[in-house]
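What the coordinates show
Take a look at the letters that make up each chain.
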Amino acid sequence: MKYFFLHIALFFSLVCFSQNEQLAQYYFDKGDFEKAKISFEELLKNQPSNSQYFQRTIDCYQQLQQFDIAEKAIRERLDEYKQGNLLVELGYNFQLQKNEASAKKYYDEAIERIKKNPNEVYGISNSFERKVLLQYALKSYQTATALQPNFNFNYQIAQLYGQLGNTEMMISTFLDEAFENPQNSIQIQNQLARFMFEEGDENFNEILRKALIIRAQKNQDVFWNHYLSWYYVQQKEFGKAFIQEKAIFKRNPESLSSIVNLGQLAIEEDNPEAAKEILGFVLENSKDLELLIQANSYLLDMKIGKAQEKDFATINTELRSLLTEYEISPFTLSLQLIQAHFVAFNLRKPEEGKVIIKKALELQLNDYEAAQAKMELADILLYEEKFNQALIYYSQIEENLKNDAVAHEASLKAAKTSYFQGDFVWALKQFKELKSTSTQLIANDALEYFLLINDNTVADSTQTALKQFAKGDYSLYQNRNPEAIAQFQSILKSFKGQDIEAVTLLRLGKIYEKQGEYNLALAQYQNIIAQHSDGIYIDEALYFSAEIYNNKLQQPDKAKPLYEKIIFNHQDSIYFVDARKEYRQLRGDKNL
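Fair warning: this is a prediction, and the values are worked out from it, not measured in the lab. (Residues numbered from 1 in each chain as written. Predicted model: local features only at pLDDT ≥ 70, side-chain atom pairs only at ≥ 80, totals over all residues. Heavy atoms only, no water.)

Below, the discussion takes up the overall build of the protein chain. Secondary structure summary: the protein chain contains 32 helices and zero strands in total. Taken along the three principal axes of its C-alpha coordinates, the protein chain extends 85 × 65 × 65 Å. Relative to its 592 residues, the protein chain shows a buried fraction of 49%. Put simply, of all contacts in the protein chain between residues at least 6 apart along the chain, 52% involve residues at least 24 apart. Only carbon and sulfur atoms are counted for the fraction: they give 49% of the accessible area of the protein chain, which is about 30,900 Å². Mean positive and mean negative side-chain charge positions of the protein chain (65 and 81 charges, respectively) differ by 2 Å. (Helix = DSSP H or I, 4+ residues; strand = E, 2+ residues; numbered from the N terminus. Buried < 20%, exposed > 50% of the residue type's maximum accessible area, 1.4 Å probe, protein only. Contact = heavy atoms within 4.5 Å. Areas by Shrake-Rupley, 256 points an atom, 1.4 Å probe, with all protein chains shown as cover. Lys, Arg positive; Asp, Glu negative; His and termini not counted. Charge placed at Lys NZ, Arg CZ, Asp CG, Glu CD.)

Dropping the structure here:
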């Protein structure tokens, strides 16, 4: 029993100690340094070896300008623990008092400690970086590396060069590290991408491009072709990336999977010309059935997305021909699903589409393949207004693949089904849960519908306009664009000046844009910009307009001020990063 009470006592003492630490940090974050000092002194008294408590105590002394007390505490700790990072703390205490000579003396002493014992670099460099003493931090790493060549601080050194504005040395060091330790490439590419789009100066991209080309020319290692391909993909220059991928393939013709992925990226970025060339190369050079199916699937999806009714017969023939050539099997499931969707949504023969899916479900499919087939079947049932049957299949997918991205997609479609039916209460609940999912596209889509329902319920408790809008969205889902346009135009007439107007204009704009009627699309977006500048759709109207001017109408001078408005007025927009990148390109920040 006494051990039981001992455990209880220990438990409560730990809880209290944790609460005291939280309270001390709360005072510190709040700026109440007098109370924080007292709290951290008490914590340090109980745990004198705790370096975090000591550091916070010193921080409090310095914030309160009690420099003599701080110096005494640092010196006592230095005498007791002999840690080199305390020399940095001592120097910084003098720097805060504008005593630069004494500060330099202790900083130099810290560097000398590394010369005597290179292992001290970890604590000393960390202290220099924490104090934003970047030149000293850089010197500490360089000193240790010179003495111990097996030390590798290239990543840290490159970051410091970047913070110091030495772009060329940062790039050079990062690339050297990537080549020497390829396992770090993704981490390094993430850092480079951050500078490309967020933190780099106007010449950064050009310096990086030249550095990569020089390395590719000097060293024929295929590693640099991979890096150049990655670089051009970041710039959305898929033709140039394709040149690098072809060079890689010629030297290592074992797989074309990376080229297929490049083709998929080109499709996602709406570059059909590059995608056709890339995927055509795959079809000409591969005998791998999986890759051939993948490439054909991407090409067909792209054709269907751009097709007009006069093209349907040719596409239908092509689908049948491919399935005859490659046969009905789990390998060709993607083609079967494309055929089913095309037959149902484009040829408007949902019964034929369902027959195709049901035959596919008789194959030996794994859980993911079965989920894909059921998802398409549910989509067709939803097209037929068989809402409850569609929900059954979406629910099956959610149950069978819990917490998977495919399950989240099924949940989103189930929520949209409720929305199409006019069951806004249940749909709102589902969208609310989905807007925090880890799958970004699903979260963004869910957030859009959550805001749509929520805002238009607050504005109109009868939800009359929202019901009309959901009908328009359902026509869009059924691929009945003329009916959708008529419905949305009717909403604009009936609910002019109401909250529903802005999102209706946005929907119309996207329909016209998809149909290639760019001036009509721009007219809708311009109406939002002019009449709803304080609404939640303004950033989308600005971005979509800029993209049309920049990429469709080839009028960059009109795109530039629209991107600029997003950068300066809508920093929280999901289009902010892309808008800044496009703006920098138009401003001439890079010479590609």
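Let's shift gears to the confidence of the model for the protein chain. When pLDDT is low, close inspection of the predicted coordinates is not appropriate. Looking at the protein chain, pLDDT values average 92 and 95% of them are 70 or higher. Confidence over residues 2-17 falls short of pLDDT 50; this stretch has four contacts with residues more than four positions distant or in other chains. (pLDDT = per-residue confidence, 0-100.)

Moving on: helix α30 (residues 538-552). Over its 15 residues, α30 extends 20 Å from the first C-alpha to the last, a length consistent with the 21 Å expected when each residue adds 1.5 Å. Remark: Q554 follows α30 within two positions and exhibits a positive phi of approximately 55 degrees. (Expected span 1.5 Å × (residues − 1).)

Let us look at the side chain of E369. Within the secondary structure, E369 is located in helix α21 (residues 367-383). The side chain of E369 sits in the buried core without any salt bridge; K374 is the nearest counter-charge, 13 Å away. Dropping the residues within four chain positions of it, E369 is found in contact with P330, L333 and Q364. (Salt bridge = Lys/Arg side-chain N within 4 Å of Asp/Glu carboxyl O.)

Side chains that carry opposite charge are capable of pairing whenever their charged atoms lie near each other. Scanning the model with the defined rule gives 32 salt bridges in all. One salt bridge connects E109 with K105, and the closest N-O pair in it is separated by 3.0 Å. Remark: K105 and E109 occur in helix α6 (residues 100-116); sequence separation between them is four residues, near one turn of the helix. A residue is classified by how much of its surface remains accessible, and E109, at 31% relative accessible area, is partly exposed. The partner of K429 in a salt bridge is E433, with the nearest N and O atoms 3.2 Å apart. In this pair, K429 and E433 are both assigned in helix α24 (residues 424-434), four residues apart and thus about one turn of the helix distant. Overall, the relative accessible area of 42% leaves K429 in the partly exposed class. Taken together, the shared-partner salt bridges connect R56, D59, E89, R130 and K131 into one network.

Counting 90 residues, the largest nonpolar core has F128, M170, L175, L192, L208 and Y227 as its most contacted members. The dominant element in this core, judged by the number of residues it contributes, is helix α13 (residues 222-234), at eight residues. Apart from the residues lying within four places of it in its own chain, the contact partners of Y227 are L175, A178, S185, I188, Q189, L192 and L212. I442, F469, F488 and L542 belong to the second largest nonpolar core, which has 85 residues in total. (Core = buried A, V, L, I, M, F, W, Y, C linked by side-chain atoms within 4.5 Å.)

Where two aromatic rings form a pair, the distance of their centres and the angle of their planes describe that pair. By the definition in use, this model includes 39 aromatic pairs. Each residue in the set F345, Y383, F387, Y419, F420, F424, F431, Y449, Y474 and Y477 is aromatic and connected to the rest through ring pairs, giving one cluster. The residue whose ring lies beneath R56 is F28, and the NZ or CZ to ring-centre distance is 4.2 Å. Residue placement shows K105 over the ring face of Y106; its charged tip is 4.1 Å from the ring centre. (Phe/Tyr/Trp six-rings, centres within 6.5 Å; stacked < 30°, edge-to-face > 60°. Lys NZ or Arg CZ within 6 Å of the ring centre and 35° of its normal.)

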